[in-house]
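Descriptive analysis of the structure
Below are the chains, spelled out letter by letter.
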Amino acid sequence: MSDNGREQGEFTIAGATAYTYNPLEEEHDLSGHPESHRRMVAISQLLQQHGILERLRSIEATPIDMDRLLRVHDRDYVRLVESRARQGGGYLDPDTYVRPSSYEAALTAAGGAVSLTDAVLSGRARNGFALIRPPGHHALPGQGMGFCLFNNIAVAARFAQAEHRVDRILIVDFDVHHGNGTQAVFYRDPGVLYFSTHQYPFYPGTGDWREIGESEGEGYTVNIPFPYGVGDEGYRRAFEDVLVPITERYRPQLILVSAGYDAHWDDPLAGMQLSIAGYAEMVRQLIELAEAWCQGRLVIMLEGGYHLDVLAHSVLTTFRLLEHTSAPVSDPFGPAPRPERPVDDLLRRVREVHGLT
Ligand SMILES: [Zn+2]
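First, a word on what this report is: a plain description of the structure on this page. (Residues numbered from 1 in each chain as written. Predicted model: local features only at pLDDT ≥ 70, side-chain atom pairs only at ≥ 80, totals over all residues.)

**Considering the nonpolar core**
With 116 residues, the main nonpolar core has Ala113, Val155, Ile255, Leu256 and Met301 as its most contacted residues. Not counting the four nearest positions on each side in its chain, Val155 is found in contact with Ile64, Arg68, Leu69, Arg71, Val72, Ala110, Ala113, Val114 and Phe150. (Core = buried A, V, L, I, M, F, W, Y, C linked by C-beta atoms within 7 Å. Buried ≥ 20, exposed ≤ 12 C-beta atoms within 10 Å, placed from the backbone. Contact = placed C-beta atoms within 7 Å.)

Shown next as structure tokens:
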């Protein structure tokens, strides 16, 4: 095996995968809400059954420093979340609850995202997965929404820019919803290339393929707005035909991933048709891109995913692949039961608008 871990087209990355877990996520919970603590219970039970975490490097999640949070969020908004929690909780929008301990839980989710990114950038781990909630990618600088309080991945990217001098960060967001918050933070910033696949039209309504960034950031936002019913083949094509050439052109030094497993065919909230095997192909591709361009530096962060068993098996599979790209996929649900929608016209338009043809 050569130094960079390549062996016959596969990667063995022994002892180099880390994880972080937000111990306060349990406090951010609302019975009957899809984004609840039950999600993390399902994940941790399956990971424990398979003995995954004990062999990985554990990175502690602690509340984020305010200066780091304020690189993304407005001070007034942070105060609003804090005061809403102190007052006993409430809602930021009809979907987005705040409980008495949600402020600390959200600070610690963002802190975990930063700590894991720091571990990867300082060479203490090659790659990693942040088991954090509440999720983050819908959170705007001044407004929480869509189950998200603070934008964990945006805060981690700003940290990498400011404290590790990373010039080019690729954020890949395969959650079924468009990461409007992440897109907004970096819309004018060529230092972060935001690539998103998502159901469209759908919540939150943004992510048209014509949204490509502005001013200095023009061309550094890449949206693939899939119609209802796209599955493994459409996602594979989007990665091969758009993500791979965009990545080769951009030459990122770090890849961050907003990992939402709500594009699975059995997810209760959305209408896409990915299988866990399809998710695994995407994760493999991301690991290979990180190995090819970023010395393996890849940090995956949990976003959505609301079918508890699908979520747990998807996270288990992702961890296995981070350790070894040829690891077995755990997919008891199998392929989507319906044929999927074609994406040729959409991908042609996306390639055109980004100068890939
Ligand atoms: Zn989602």
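After presenting the structure, the write-up continues.
**Concerning the environment of Glu340**
Positionally, Glu340 belongs in the loop between helix 9 (308–323) and helix 10 (344–353). Excluding residues that lie within four positions of it along the chain, Glu340 makes contacts with Gly229, Val230, Gly231, Glu233, Gly234 and Gln273. (Helix = DSSP H or I, 4+ residues; strand = E, 2+ residues; numbered from the N terminus.)

**Here's the deal with the packing of helix 4 (residues 102–121) against helix 5 (residues 152–164)**
Close contact between helix 4 and helix 5 brings their axes to 9 Å; oriented N to C, the two are set at 40°. It follows from the interaxial angle that helix 4 and helix 5 lie oblique. Note on packing geometry: the crossing formed by helix 4 with helix 5 is right-handed. Contact with helix 4, carried on its side by Ala109, Ala110, Ala113, Val114, Thr117 and Leu121, involves Asn152, Ile153, Val155, Ala156, Phe159, Ala160 and His164 of helix 5 and no other residues of that element. Residues of the contact of helix 4 with helix 5, tallied by class, amount to 10 nonpolar, three polar and no charged. (Axes fitted to C-alpha atoms, helices over the stretch in contact; angles between N-to-C directions. Parallel < 35°, antiparallel > 145°, perpendicular 65-115°, else oblique. Left-handed = near helix turned anticlockwise from the far one by under 90°. Nonpolar A, V, L, I, M, F, W, Y, C, P; charged D, E, K, R; others polar.)

**A look at the pairing of strand 5 (residues 90–93)**
Relative to strand 6 (residues 96–98), strand 5 runs antiparallel, the two sharing three bridges. Counted as the bridge partner of Tyr91 is Tyr97 from strand 6. Here strand 5 hands over to strand 6 after two residues, the two strands then running antiparallel side by side. (Pairing = 2+ DSSP bridges.)

**Quick word on the environment of Gly305**
Here Gly305 shows up in the loop between strand 12 (298–302) and helix 9. In sequence terms Gly305 and Glu26 are 279 residues apart; their C-alpha atoms lie 17 Å from each other. Leaving out residues up to four positions away in the same chain, Gly305 has contacts with Arg39, Gly260, Tyr261, Asp262, Val310, Leu311 and Ser314.

**A look at the sheet that holds strand 7 (residues 127–131)**
Two pairing modes exist for strands in a sheet, parallel and antiparallel, and in both the strands are linked by backbone hydrogen bonds. If you trace the eight strands from one edge of the open sheet to the other, you get 4-3-7-12-11-8-9-10, paired in parallel fashion. Of all strands in the sheet, those with a lone pairing partner are strand 4 (57–60) and strand 10 (221–226), marking the two edges. In this sheet, adjacent strand axes meet at a mean angle of 15° when their direction is disregarded. Note that strand 11 (residues 254–259) and strand 12 share five bridges and pair parallel. Counted as the bridge partner of Ser258 is Met301 from strand 12.

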